[in-house]
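# Structural features, examined
One letter stands for each residue in the lines below.
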Amino acid sequence: MAATEPDESGCWAAPAPARAAHLPIVTVVAVALLDADNRVLLAQRPEGKHLAGYWEFPGGKVEAGETPEAALIRELKEELGIDIKESCLAPLSFVSHSYEKFHLLMPLYVCRTWRGKITQHEHQNLAWVAAQRLRDYPVPPADEPLIPVLQDLL
């Protein structure tokens, strides 16, 4: 969809897709876990799940009444077996993306400190990836805009 001329503020205006207004909003939280070499942990989505086989940043759905940080702490314990303190989570960016059946809102945090050994509980594979190699891994469409943000950071 083409953008129109900029308005008086200088911003480009593009009509929002009509379907986005009628989709349920799903809030998911994710984290870029960074190791001592500034590599990012990616996790492969398991078979049988939406977007199976794609690589993603660990995290999961925010439940009713739960803060994004609390959800991330819970999900990382469930998915990777690690403990993270809220004070170790630094907000970095977010994504707002429409899929066919829902609209995804996903804050992304960065974390360098956790307790425990990372073990795969729910994902097919885990990979520590250097920032310049993040595009070598197919990621869900919503995650695409996060790659240059992480590359700029690292």
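What this report covers is the structure whose coordinates are included nearby. Source: prediction; values computed, not measured.

On to the pattern of salt bridges. Scanning the model with the defined rule gives nine salt bridges in all. Across the pair R74 and E63 runs a salt bridge, and its minimum N-O distance is 3.7 Å. Here R74, found in helix α1 (residues 68–80), pairs with E63, found in the loop between β4 (59–61) and α1; they are eleven residues apart in sequence, far enough to count as distant. One salt bridge connects R74 with E66, and the closest N-O pair in it is separated by 2.8 Å. One salt-bridge network, in which partners are shared between bridges, spans E63, E66, R74, E75 and E78.

Okay, the sheet that holds strand β5 (residues 90–98) next. Judged by pairing direction, the sheet is mixed, and its four strands sit side by side in the order β4-β1-β6-β5 without closing on themselves. Both edges of this open sheet fall to β4 and β5, since each of them pairs with a single strand only. Across the sheet, the axes of successive neighbouring strands diverge by a mean angle of 15 degrees, strand direction being ignored. Inspection of the sheet shows strand β1 (residues 25–33) paired to β4 by three bridges, in the antiparallel sense. What sits directly across from V29, in β4, is G60. Those strands touched by helix α2 (residues 146–153) are β1, β5 and β6 (103–111), and its axis lies near 160 degrees from that of β5.

Conventions used here
Position numbers for residues start from 1 in each chain and track the written sequence from start to end. Confidence filtering applies because this is a predicted model: local features only for residues at pLDDT of at least 70, side-chain atom pairs given and counted only at 80 or more, and all residues used for totals across whole chains, interfaces and linings. Side-chain metrics in this entry use all non-hydrogen atoms of the structure; hydrogen atoms and water are not considered. Just to be clear on terms, a salt bridge is a Lys or Arg side-chain nitrogen sitting within 4 Å of an Asp or Glu carboxyl oxygen. Only DSSP runs of H or I covering at least 4 residues are called helices, and only runs of E covering at least 2 are called strands; the numbering of each starts at the N terminus. Here, strands pair whenever DSSP counts at least two bridges between them. Each axis is a line fitted through C-alpha atoms, taken for helices only over the stretch in contact, and angles between the N-to-C directions span 0 to 180 degrees. We call two residues contacting when some pair of their heavy atoms lies within 4.5 Å.

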